[in-house]
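What follows is each chain in one-letter form.
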Protein chains: 2
Amino acid sequence: MNTTSSIAHLLKAQGLRDTQPRRMVMQALIHIQSPASPYDIQKWITAQENTINTVTVYRVLEVFESLGLVHRHPSSGLYFPCSIPEIKGHHGFLHCTKCHLVEEFHNPELCVIENAIAKKAGFKAKNHLSEIVGVCKGCVL
Amino acid sequence: MNTTSSIAHLLKAQGLRDTQPRRMVMQALIHIQSPASPYDIQKWITAQENTINTVTVYRVLEVFESLGLVHRHPSSGLYFPCSIPEIKGHHGFLHCTKCHLVEEFHNPELCVIENAIAKKAGFKAKNHLSEIVGVCKGCVL
DNA sequence: TTGCAATTGTAATACTATTGCATTAATATA
DNA sequence: TATATTAATGCAATAGTATTACAATTGCAA
Ligand SMILES: [Mn+2]
Ligand SMILES: [Mn+2]
Ligand SMILES: [Zn+2]
Ligand SMILES: [Zn+2]
């Protein structure tokens with residue numbers, strides 16, 4: 001659920017510190033709702049009467065991504081919090097081009113097929129990435 | 001097969017001109033072999049005793065991508081020629097992290113599943129994107 | 001508390017991408 | 001083949017994105 005305290009625990013479990021900048025970036029991501037750039041995130045934090053350096057935002061996002069707490073949307077480079085961090089393995093994205101919503105999914109069947117494709121081509125698959133681009137329920141008028 | 005003349009025809013069929021910069025960019029993409037940035041492409045062309053403006057490279061790539069002649073690798077932003085332009089529809093990528101080779105695939109079964117996922121989530125899918133990241137046949141020692 | 005290493009801030013810089021406008025060159029037509 | 005048209009390119013300026021090295025700060029364990 002990405003509560004402030006669960007993130008604190010997750011960080012400490014990895015030997016990382018629970019710092020104010022890290023808390024602020026996570027707050028920003030949660031409140032902004034749609035995928036955001038490092039600069040967007042900094043802007044949001046500034047609007048809350050706080051300050052954070054651009055470089056710090058980049059670095060915090062890097063850490064969060066490595067922990068699986070946030071994702072970087074491949075084609076846009078924008079970040080958003082993972083909504084299903086409890087499910088390990090491949091997370092796919094449904095991306096609405098109208099409202100920029102990103103919904104995550106986890107589909108084992110898809111993984112099976114992708115592994116089969118890799119095998120057939122002689123690839124040793126380490127990771128994969130799926131994005132479905134379209135229009136979400138709420139935006140189809 | 002992306003021969004020089006087939007591209008000329010494809011361009012003309014769209015009311016576009018067959019120009020020297022466009023031919024040079026395609027030559028560069030074909031010869032560089034692995035995904036390349038606009039600046040990489042410009043550098044290659046310069047090394048062939050030719051010149052091309054950076055902006056032109058960007059614009060040419062945009063046209064080529066819209067024609068389905070090249071792809072932009074989503075996570076890196078690098079460009080490479082489409083190897084199966086004759087197959088319409090979704091092209092997926094196998095990406096080797098060692099030699100940076102990109103192999104394309106077309107898998108209807110994958111499309112079916114992705115459409116099902118979209119439907120289940122109430123999305124109207126317009127397009128999708130699949131990338132399998134790993135190590136290619138030649139790079140697995 | 002205090003000390004120390006991890007983290008953040010600062011400043012400089014490199015890289016990537018876009019825009020408006022002047023110039024050039026590809027093609028259609030005479 | 002010469003000429004007119006305008007798409008395409010070049011140029012120059014600028015904006016946006018990302019990274020680096022090093023100094024200052026801060027979280028947290030002792
Ligand atoms: Mn996720
Ligand atoms: Mn293709
Ligand atoms: Zn939507
Ligand atoms: Zn390889």
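Residues numbered from 1 in each chain as written. Chains lettered and ligands numbered in written order. Predicted model: local features only at pLDDT ≥ 70, side-chain atom pairs only at ≥ 80, totals over all residues. Heavy atoms only, no water.

(A) View of the interface of chain A and chain B. Tallying the contact residues gives 33 residues for chain A and 33 residues for chain B. Both faces combined, the contact of chain A with chain B buries some 2,800 Å², and carbon together with sulfur accounts for 70% of it. Contact with chain B buries area across many residues of chain A, yet Ile117, Phe123 and Ile132 of chain A alone supply 22% of it, more than any other trio. Counting every contact that joins chain A to chain B gives zero salt bridges. (Contact = heavy atoms within 4.5 Å. Buried area = accessible area lost by both parts, 1.4 Å probe. Salt bridge = Lys/Arg side-chain N within 4 Å of Asp/Glu carboxyl O.)

(B) Inspection of the protein's contact with DNA strand C at higher detail. Not every one of the 18 residues close to DNA strand C is listed here, only the nearest: Thr19, Asn53, Thr56 and Arg59 of chain A together with Asp18 of chain B. Sugar plus phosphate, as a fraction of atoms of DNA strand C within 4 Å of the protein: 56%. A distance of 2.8 Å separates a phosphate oxygen of DNA strand C from a polar backbone atom of Asp18 of chain B. For the surface near DNA strand C, the elements supplying multiple residues, two or more each, are helix H2 (20–32) and helix H4 (54–66) of chain A together with helix H4 (54–66) of chain B. Among the residues making up the surface near DNA strand C, the classes are represented as seven nonpolar, four polar and seven charged. (Near = heavy atom within 4 Å. Polar contact = N/O pair within 3.5 Å; in protein donor to acceptor, adjacent residues only side chain to side chain. Helix = DSSP H or I, 4+ residues; strand = E, 2+ residues; numbered from the N terminus. Nonpolar A, V, L, I, M, F, W, Y, C, P; charged D, E, K, R; others polar.)

(C) A look at the pairing of strand S3 (residues 92–96) of chain B. Residue and element names in this part refer to chain B. Judged by how many residues are buried, S3 sits mostly within the fold: five of five residues are covered. Of the two faces of S3, both are covered, the one formed by Gly92, Leu94 and Cys96 as well as the one formed by Phe93 and His95. Here four bridges tie S3 to strand S4 (residues 102–105), and the two strands are oriented antiparallel to one another. Residue pairing for S4: Phe93 is matched across the bridge by Glu104. In terms of strand pairing, S3 meets strand S5 (residues 124–135) through four bridges, oriented parallel. The partner of Phe93 across the bridge, within S5, is Glu131. (Buried < 20%, exposed > 50% of the residue type's maximum accessible area, 1.4 Å probe, protein only. Pairing = 2+ DSSP bridges.)

(D) Region of the structure containing the coordination of the zinc ion (ligand 4). All names here are of chain B. Around the zinc ion (ligand 4), the donor atoms from the protein are Cys96 (SG), Cys99 (SG), Cys136 (SG) and Cys139 (SG), and they sit 2.2 to 2.4 Å away. Around the zinc ion (ligand 4), the four donor atoms sit at angles spanning 103 to 114°, and that spread fits a shape best called tetrahedral. Read N to C, the donor residues that coordinate the zinc ion (ligand 4) are spaced as C-x2-C-x36-C-x2-C. Residue Cys96 is located in strand S3, and its partner Cys139 is located in the segment after S5; the two are separated by 43 residues in the primary sequence. In this pair, the class of Cys96 matches that of Cys139, namely buried. (Donors = N, O, S within 2.8 Å, 3.2 Å for Na, K, Ca; no water. Tetrahedral: all angles 85-135°; square planar, octahedral: opposite > 155°, others 65-115°.)

(E) Here's a closer look at the protein's contact with DNA strand D. Looking at DNA strand D, there are 18 residues lining it, with Arg17 and Tyr58 of chain A together with Thr19, Thr56 and Arg59 of chain B nearest. The sugar and phosphate moieties of DNA strand D supply 52% of its atoms located within 4 Å of the protein. Contact between DNA strand D and Thr19 of chain B: a phosphate oxygen at 2.6 Å from a side-chain N or O atom of the residue. Those elements that provide at least two residues to the surface near DNA strand D are H4 of chain A together with helix H2 (20–32) and H4 of chain B. The element contributing the most residues to the surface near DNA strand D is H4 of chain B, with four residues.

(F) Quick look at the coordination of the manganese ion (ligand 2). Residue and element names in this part refer to chain B. Surrounding the manganese ion (ligand 2) are the protein donor atoms His71 (NE2), Cys82 (SG), His91 (ND1) and Glu104 (OE), at 2.0 to 2.3 Å. We note that the donor set of the manganese ion (ligand 2) lies within a single chain, spaced as H-x10-C-x8-H-x12-E. Of this pair, Cys82 sits in the loop between strand S2 (79–81) and S3 while Glu104 is found in strand S4, placing the two residues 22 residues apart along the sequence. Glu104 carries the same exposure label as Cys82, and that label is buried.

(G) Quick peek at the confidence of the model for chain A. With 99% of its residues at a pLDDT of at least 70, chain A reaches an overall mean of 94. In the model of chain A, helix H1 (residues 4–13) of chain A stands out as the element of lowest mean pLDDT, 89, in contrast to H4 of chain A, which has the highest, 98. (pLDDT = per-residue confidence, 0-100.)

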